[in-house]
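Notes for the structure review
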Amino acid sequence: MGYLHYFCIEQNITVMKYRNLGTTNEQLSAIGLGCMGMSFAYGPTDEKESIATLEKALDLGVNFWDTADMYGNGANEELISKVLVPNRDKVFIATKFGFRFKDGAAGPSGTANTYFDGSPAWIKIAVENSLRRLRIDTIDLYYAHRVDPNVPIEDTVGAMAELVKEGKVRYLGLSEASPASIIKANAVHPIAALQSEYSLLTRDVEKEILETVRNLGISLVPYSPLARGLFSNTLNLDSLSADDFRRTLPRNQGEHAANNARLIAEFALLAQDKQCSPIQLALAWVLAQGNDIIPIPGTKKRKYLEENAGAIDVQLSDSDLNTIEDILQKYPNVGARYSEGAMALVNN
Ligand SMILES: NC(=O)c1ccc[n+]([C@@H]2O[C@H](COP(=O)([O-])OP(=O)(O)OC[C@H]3O[C@@H](n4cnc5c(N)ncnc54)[C@H](OP(=O)(O)O)[C@@H]3O)[C@@H](O)[C@H]2O)c1
């Protein structure tokens with residue numbers, strides 16, 4: 001993994017860049033691929049285009065793919081397996097466990113019939129389910145999707161460490177964990193990555209969390225780095241399908257939505273000056289926060305994947321970074337990133 005890959009975008013030749021996973025020698029594309037939307041959460045899906053997008057990721061050298069057992073109740077892992085299995089040596093696959101239906105299998109978060117389970121007993125079952133659906137022998141990076149407030153983190157990570165010993169998993173990760181949990185977890189077994197929401201609109205990790213992972217040599221994997229598509233400056237919240245998860249987010253309601261639309265419209269003018277798209281500028285900002293940061297923008301479309309990969313070539317000067325801070329300060333009313341119920345499961 002980690003060879004140079006070349007591709008063309010509007011006559012520009014772009015070479016994907018790679019970043020190390022934590023303190024390992026694993027070379028992951030600095031821009032990964034979030035696969036969730038191919039099966040779940042963001043409106044209509046299209047298997048043919050999703051598969052073409054995964055194949056395009058191989059061409060672009062985007063080798064860091066992200067999924068979870070709960071994305072479409074396993075459907076996302078099954079979809080990915082179709083491209084992953086014949087290309088196993090070209091992809092570093094990350095999946096997650098923990099959200100499940102009360103009556104059994106992995107399920108979506110935030111419904112009355114679902115809960116989070118970080119128990120050792122569930123981990124043993126969940127990993128077998130993910131391996132079966134992905135049709136592989138070993139998961140490269142296995143994350144606890146959240147820290148279960150009812151299970152000591154040492155027990156959860158202890159059970160995950162057993163999977164490493166058994167050869168079912170190579171590296172361990174946490175998602176949305178608190179600094180205290182990260183430290184306790186890392187004392188049980190090295191943690192390679194923390195996956196938490198990080199974008200221009202969600203900067204919670206900048207306080208204690210980033211410092212904690214840096215002290216321990218853990219990579220930060222920002223999810224939703226495009227603020228779930230808002231930074232395209234073309235997302236029409238009113239036209240989202242009725243079951244689109246983004247309809248439930250406080251950030252996308254009323255005064256917050258209006259604030260964010262103004263913020264992003266102004267941000268798009270800076271992108272225009274920089275001769276890139278606002279999505280590329282938003283992603284370049286995340287990349288510029290450190291070489292230990294490996295964002296996983298999500299898409300189910302080839303054209304978006306290509307555009308996102310092109311962000312690797314957007315260079316930000318100190319003046320650009322200051323202008324971005326000024327825009328953010330001008331429009332502070334961005335709104336909460338999750339509902340109260342979902343927020344209760346972060347930073348545990
Ligand atoms: N650990 C966790 O709790 C957690 C939570 C959420 C997500 N994740 C992971 O993180 C990944 C990324 O996050 P995300 O998908 O929530 O949010 P995101 O990457 O911020 O945004 C995804 C949205 O942006 C749109 N988009 C992507 N590229 C675009 C482009 N160039 N132009 C216009 N629109 C574009 C996508 O559209 P299309 O869908 O039409 O392509 C999709 O609606 C997910 O796929 C998932 O693997 C993890």
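Structure's up top.
Described below are features of the structure shown in this document.

So, on to the overall build of the chain. Check the secondary structure of the chain and you find 11 helices and 13 strands. Taken over C-alpha atoms, the radius of gyration comes to 19 Å for the chain, in line with the 20 Å a tight globule of 348 residues would show. By its C-alpha atoms, the chain is 55 × 45 × 40 Å across when sized along the principal axes. With 348 residues in all, the chain has 57% of them scored as buried. Long-range contacts, defined as pairs at least 24 residues apart, comprise 73% of the intrachain contacts of the chain with a sequence gap of at least 6. By element, 50% of the accessible surface of the chain is carried by carbon and sulfur atoms, the whole surface being about 14,600 Å². In the chain, 34 side chains carry a positive charge and 43 a negative one; their mean positions are 3 Å apart.

All right, on to the packing of aromatic side chains then. According to the stated counting rule, one finds 8 aromatic pairs in the structure shown. With a centroid separation of 5.1 Å and an interplanar angle of 75°, the aromatic rings of Phe 231 and Phe 267 are classed as edge-to-face. Of the two residues, Phe 231 is situated in the loop between β13 (219-223) and α7 (254-273) and Phe 267 in helix α7; the sequence distance between them amounts to 36 residues. Considered together, Phe 231 and Phe 267 belong to a single accessibility category, that of buried residues.

Turning next to the nonpolar core. Leu 33, Trp 65, Leu 174, Leu 194, Phe 231 and Leu 263 are the most contacted members of the largest nonpolar core, which totals 87 residues. Here this core takes 8 residues from helix α8 (residues 278-287), the largest share from any one element. With sequence-adjacent residues up to four places away left out, Leu 33 is seen in contact with Met 38, Leu 54, Ala 57, Val 62, Phe 64, Trp 65, Asp 66, Ile 296, Pro 297, Thr 299 and Leu 305. Residues Leu 28, Phe 92, Ala 193 and Tyr 223 belong to the second largest nonpolar core, which totals 17 residues.

This part is about the pattern of salt bridges. Pairing of side chains with opposite charge becomes possible as their charged atoms draw close. Scanning the entire structure with this criterion turns up 23 salt bridges. Note that Arg 133 is salt-bridged to Glu 77, the shortest N-O span being 2.8 Å. On the criterion of sequence distance, the pair formed by Arg 133 in helix α3 (residues 120-134) and Glu 77 in helix α2 (residues 75-84) is long-range, its members being 56 residues apart. Exposure class is identical for Arg 133 and Glu 77. Each is buried. Notably, a salt bridge pairs Arg 203 with Glu 325, separated by 3.0 Å at the nearest N-O pair. Here Arg 203, found in the loop between β12 (191-197) and α6 (208-216), pairs with Glu 325, found in helix α10 (residues 318-330); they are 122 residues apart in sequence, far enough to count as distant. On the accessibility criterion, Arg 203 (22% relative accessible area) is partly exposed. A single network of salt bridges, built from pairs that share partners, joins Glu 176, Glu 197, Asp 204, Arg 228, Arg 251 and Arg 337.

With 6 of 7 residues buried, strand β11 (residues 169-175) is to be regarded as a mostly interior element. Two elements, strand β10 (residues 139-144) and β11, share 5 bridges in a ladder whose sense is parallel. Of the residues in β11, the one forming a bridge with Leu 141 is Tyr 171. With helix α4 (residues 153-165) bridging β10 and its parallel neighbour β11, the resulting β-α-β unit is right-handed. The pairing of β11 with β12 spans 4 bridges and is classified as parallel. Bridging across to β12, Ser 175 finds its partner in Gln 195. Note that the unit made of β11, helix α5 (residues 179-188) and β12 has a crossover that is right-handed.

Another point: the site of the ligand. Taken together, 31 residues lie around the ligand, and Tyr 42, Asp 66, Gly 298, Thr 299 and Lys 301 are the ones closest in. One nitrogen or oxygen atom from the main chain of Pro 225 is found 3.4 Å from an oxygen atom belonging to the ligand. Contacts to the ligand include Asn 308, whose side-chain N or O atom sits 2.9 Å from a nitrogen atom. For the ligand, whose free accessible area comes to 900 Å², the fraction covered by protein is 95%. The element that contributes the greatest number of residues to the shell around the ligand is helix α9 (residues 302-309), accounting for 3 residues. For the shell around the ligand, the class distribution of residues is 13 nonpolar, 10 polar and 8 charged.

Turning to the side chain of Arg 100, a few remarks are in order. Examined against the element boundaries, Arg 100 turns out to sit in strand β8 (residues 99-101). Within the structure, Arg 100 has its side chain in polar contact with the side chain of Asp 117 (distance 2.7 Å). For Arg 100, the residues in contact, after removing those within four places along its chain, are Ala 105, Ala 106, Gly 107, Asn 113, Thr 114, Tyr 115, Asp 117 and Trp 122.

Parameters and conventions
Residues numbered from 1 in each chain as written. Predicted model: local features only at pLDDT ≥ 70, side-chain atom pairs only at ≥ 80, totals over all residues. Heavy atoms only, no water. Helix = DSSP H or I, 4+ residues; strand = E, 2+ residues; numbered from the N terminus. Rg over C-alpha atoms; globule rule 2.2 N^0.38 Å. Buried < 20%, exposed > 50% of the residue type's maximum accessible area, 1.4 Å probe, protein only. Contact = heavy atoms within 4.5 Å. Areas by Shrake-Rupley, 256 points an atom, 1.4 Å probe, with all protein chains shown as cover. Lys, Arg positive; Asp, Glu negative; His and termini not counted. Charge placed at Lys NZ, Arg CZ, Asp CG, Glu CD. Phe/Tyr/Trp six-rings, centres within 6.5 Å; stacked < 30°, edge-to-face > 60°. Core = buried A, V, L, I, M, F, W, Y, C linked by side-chain atoms within 4.5 Å. Salt bridge = Lys/Arg side-chain N within 4 Å of Asp/Glu carboxyl O. Pairing = 2+ DSSP bridges. Right-handed = clockwise from strand over helix to strand, strands pointing away. Near = heavy atom within 4 Å. Polar contact = N/O pair within 3.5 Å; in protein donor to acceptor, adjacent residues only side chain to side chain. Nonpolar A, V, L, I, M, F, W, Y, C, P; charged D, E, K, R; others polar.

Remember that the coordinates give geometry; whether it matters functionally is a separate question.
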